[in-house]
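# Chain and residue survey
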Amino acid sequence: MADGMKPYPAWIKEREEVEEDLGVSMAEGLTSEEVEVRQAKYGFNELAKEPPTPWWKLVAEQFDDTLVKVRPGAGLTDARIA
């Protein structure tokens, strides 16, 4: 949520009350100018994007497994016995 904004419980109010509170009409919608004003004030209606995981971290995660960690030790033990 943008800074200074409080949650608006639109789901518990009647449609007409929400229209009045937000200064909009379901029949007419917002003008282009009003959209620009509200976007400048509240921001775009989208979720924050998380940065992508680096490729090297994805590769490293493939080796984060107990069996992968045990196999080299088992291989060394087997080599000593043989």
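Before reading further, recall that the structure is shown in the block above.
Below is a summary of the structure that appears in this document. Computed from a predicted structure; not experimentally measured.

The next point concerns the overall build of the chain. Secondary structure summary: the chain contains four helices and zero strands in total. Secondary structure of the chain in N-to-C order comes out as α-α-α-α. The C-alpha atoms of the chain give a radius of gyration of 28 Å, which is well past the 12 Å a tight globule of 82 residues would have. Oriented by its inertia axes, the alpha-carbon framework of the chain measures out at about 85 × 30 × 25 Å. Out of the 82 residues belonging to the chain, those deemed buried represent 2%. Within the structure as shown, the chain displays about 8100 Å² of accessible surface, and the carbon and sulfur contribution to it stands at 57%. Charged side chains of the chain number 10 positive and 17 negative; the gap between the two group centres comes to 11 Å.

Before going further, it helps to spend a moment on a nonpolar patch on the surface. A cluster of nonpolar side chains, namely Trp55, Trp56, Val59, Phe63 and Val68, defines an oily patch on the protein surface of about 590 Å² accessible area. The greatest single-element share of the nonpolar patch, amounting to three residues, is contributed by helix α3 (residues 55–62). By secondary structure assignment, the location of Phe63 is in the loop between α3 and α4 (66–81).

Our next topic: the side chain of Glu19. Turning to its location among the elements, Glu19 is positioned in helix α1 (residues 15–22). A relative accessible area of 16% means that Glu19 is categorised as buried. Setting aside chain neighbours within four positions, we find Glu19 in contact with Val24, Ser25 and Met26.

Counted according to the given criterion, the structure contains five salt bridges. The partner of Arg15 in a salt bridge is Glu16, with the nearest N and O atoms 3.1 Å apart. Classification of Glu16 by relative accessible area gives partly exposed; the value is 46%. Among the salt bridges present, the one from Asp64 reaches Lys69, with a minimum N-O distance of 3.2 Å. By relative accessible area, which is 56% here, Asp64 ends up exposed. Lys69 gets classed as exposed once you look at its relative accessible area, which sits at 57%.

Cut-offs and rules
- Residues numbered from 1 in each chain as written.
- Predicted model: local features only at pLDDT ≥ 70, side-chain atom pairs only at ≥ 80, totals over all residues.
- Heavy atoms only, no water.
- Helix = DSSP H or I, 4+ residues; strand = E, 2+ residues; numbered from the N terminus.
- Rg over C-alpha atoms; globule rule 2.2 N^0.38 Å.
- Buried < 20%, exposed > 50% of the residue type's maximum accessible area, 1.4 Å probe, protein only.
- Areas by Shrake-Rupley, 256 points an atom, 1.4 Å probe, with all protein chains shown as cover.
- Lys, Arg positive; Asp, Glu negative; His and termini not counted.
- Charge placed at Lys NZ, Arg CZ, Asp CG, Glu CD.
- Patch = residues over 30% accessible without salt bridge, like charges linked within 9 Å, V, L, I, M, F, W, Y side chains within 5 Å.
- Salt bridge = Lys/Arg side-chain N within 4 Å of Asp/Glu carboxyl O.
- Contact = heavy atoms within 4.5 Å.

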